[in-house]
Amino acid sequence: MSSINRLLAVLSLSLFCIGNCAVPCIAAAEETKAPLSLDEILEKRRSIRQELMVPSLEGIRGVAYRVVGYKSFEPLEKSMGDKLVHLGVPVVRLLDMKEGQKPVDAIVQITFFKAGNFNIGELTAVQWVSLLRNPKIKVRAVTYKDRMVLQHGKPLPAVESLTNQFVIDFLKANQKPASSEAVKPGIDDTVTEGKDKSKGKKSEKTEKKLKEKNTKKDKKK
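On a predicted model such as this, the values are computed, not experimentally measured, just so you know.

As a further point, take the overall build of the chain. Assigned secondary structure in the chain consists of five helices and five strands. In sequence order, the chain lays out its α and β elements as α-α-β-α-β-β-β-β-α-α. Burial statistics for the chain: of 221 residues in total, 23% are counted as buried. Taking the contacts inside the chain whose residues are at least 6 apart along the sequence as the reference set, 63% of them involve residues at least 24 apart. For the chain, the exposed surface amounts to about 17000 Å²; the carbon and sulfur share of it is 58%.

Take a look at the structure:
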């Protein structure tokens, strides 16, 4: 066999091997890049929000709020404010907030925007924070975020849903643990019963003594 024929044979064999090996590799790559389902995406967002964002809501003393993205935002802000009052801290519209008003530790904002063919409603909470690498550096940063897809021209359900979830997470972050000094049920009753029993015994002894004295007096008479 000539050198040219040998070279052609080697090239043919190489192409055959590469072609056969490439098919399973491409299939495996397609499997790993399979898009996540909507439920999987929502679950990942929930876990991230619970682990990283909810703790940042602890200790907030007051909140300012607003809605951005719709011309007629006043009814949306009213609905948002009606729900935020359940936080248990002072709440004020950002437009009504006075300069230097305290305490306002976070600005909660719902923003509406388009992403491709979808309309998105996004709630963010912005706070002043310090950098971990240098606490002297303080910046305003988004510490909490949640979003949802909504029907075009129907922002109110999104405002209600996003605000409700924020209130739930806020209350969860600020719930007070049960006091360790709380008296266990039944202890007070037991102690009281013991005291009553001891009092009862003392009263019985006193009555016996009085009876003995009275009988002695009667005998003397």
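Moving on from the coordinates now.
What follows covers the pairing of strand β4 (residues 118-130). By the bridge criterion, ten bridges tie strand β3 (residues 106-115) to β4 in an arrangement that is antiparallel. When the bridges of β4 are listed, T111 appears paired with E122. Taking the residues that link successive antiparallel strands as the turn, the β3-β4 hairpin has two residues, and the phi of G116 there is positive, at about 70°. Two elements, β4 and strand β5 (residues 138-150), share twelve bridges in a ladder whose sense is antiparallel. Bridged to N119 within β5 is L150.

A separate point is the side chain of E77. Note on placement: E77 falls in helix α3 (residues 74-84). By relative accessible area, E77 is classed as buried at 2%. Side-chain polar atoms of E77 contact the side chain of R93, separated by 2.8 Å. Non-local contacts of E77, meaning those with residues more than four positions away in its chain, are made with Y65, R66, V67 and R93.

Counted by the stated rule, this structure contains five salt bridges. Measuring nitrogen to oxygen at the nearest pair gives 2.8 Å for the salt bridge that ties E77 to R93. Remark: R93 occurs in strand β2 (residues 91-93) and E77 occurs in helix α3; sequence separation between them is 16 residues. Overall, R93 belongs to the partly exposed group, its relative accessible area being 24%. D96 is the salt-bridge partner of R93, the closest N and O atoms lying 3.4 Å from each other. Residue class for D96 comes out partly exposed when judged on its relative accessible area of 44%.

So, about the packing of aromatic side chains. As enumerated under the stated definition, the model contains three aromatic pairs in all. Taking 5.3 Å as the distance between ring centres and 80° as the angle between the ring planes, the aromatic pair formed by Y144 and F166 counts as edge-to-face. Note that Y144 is positioned in strand β5 and F166 in helix α4 (residues 156-173), a separation of 22 residues in sequence. Accessibility expressed as a relative area gives 1% for Y144, which makes it buried. Centre to centre, the rings of F166 and F170 are 6.2 Å apart; their planes meet at 40°, and the pair counts as tilted. On the criterion of helical spacing, the pair formed by F166 and F170 is a turn pair, its members being four residues apart in helix α4. In this structure, F166 and F170 share a single accessibility class: buried.

What follows deals with the nonpolar core. By size, the foremost hydrophobic cluster in this structure holds 27 residues, and its most contacted members are M80, L87, I110, F112, L123 and F166. For this core, the elements supplying multiple residues, two or more each, are β1 (63-68), α3, β3, β4, β5 and α4. A total of seven residues in this core trace back to one element, the largest contributor, which is α4. Apart from residues lying up to four places away in sequence, L87 is in contact with V63, F166, V167, F170 and L171.

With 18 residues, α4 ought to run about 26 Å at 1.5 Å a step, and its terminal C-alpha atoms sit 26 Å apart, in line with that. Three or more residues of α4 are buried, namely A158, V159, L162, T163, F166, V167, D169, F170 and A173.

Our focus in this paragraph is the sheet that holds β5. Taking strand neighbours across the sheet as the criterion, the five strands line up as β2-β1-β3-β4-β5 in an open arrangement whose pairing is mixed. In the strand order of this sheet, the two ends are held by β2 and β5, each with one partner. Direction aside, neighbouring strands of the sheet carry axes that sit 25° apart on average. Against the sheet, α3 engages β1, β2, β3 and β4, with an angle of about 150° to β1. Sheet strands touched by α4: β3, β4 and β5. Its angle to β5, the strand with the most contacts, is close to 130°.

Cut-offs applied
Residues numbered from 1 in each chain as written. Predicted model: local features only at pLDDT ≥ 70, side-chain atom pairs only at ≥ 80, totals over all residues. Heavy atoms only, no water. Helix = DSSP H or I, 4+ residues; strand = E, 2+ residues; numbered from the N terminus. Buried < 20%, exposed > 50% of the residue type's maximum accessible area, 1.4 Å probe, protein only. Contact = heavy atoms within 4.5 Å. Areas by Shrake-Rupley, 256 points an atom, 1.4 Å probe, with all protein chains shown as cover. Pairing = 2+ DSSP bridges. Polar contact = N/O pair within 3.5 Å; in protein donor to acceptor, adjacent residues only side chain to side chain. Salt bridge = Lys/Arg side-chain N within 4 Å of Asp/Glu carboxyl O. Phe/Tyr/Trp six-rings, centres within 6.5 Å; stacked < 30°, edge-to-face > 60°. Core = buried A, V, L, I, M, F, W, Y, C linked by side-chain atoms within 4.5 Å. Expected span 1.5 Å × (residues − 1). Axes fitted to C-alpha atoms, helices over the stretch in contact; angles between N-to-C directions.

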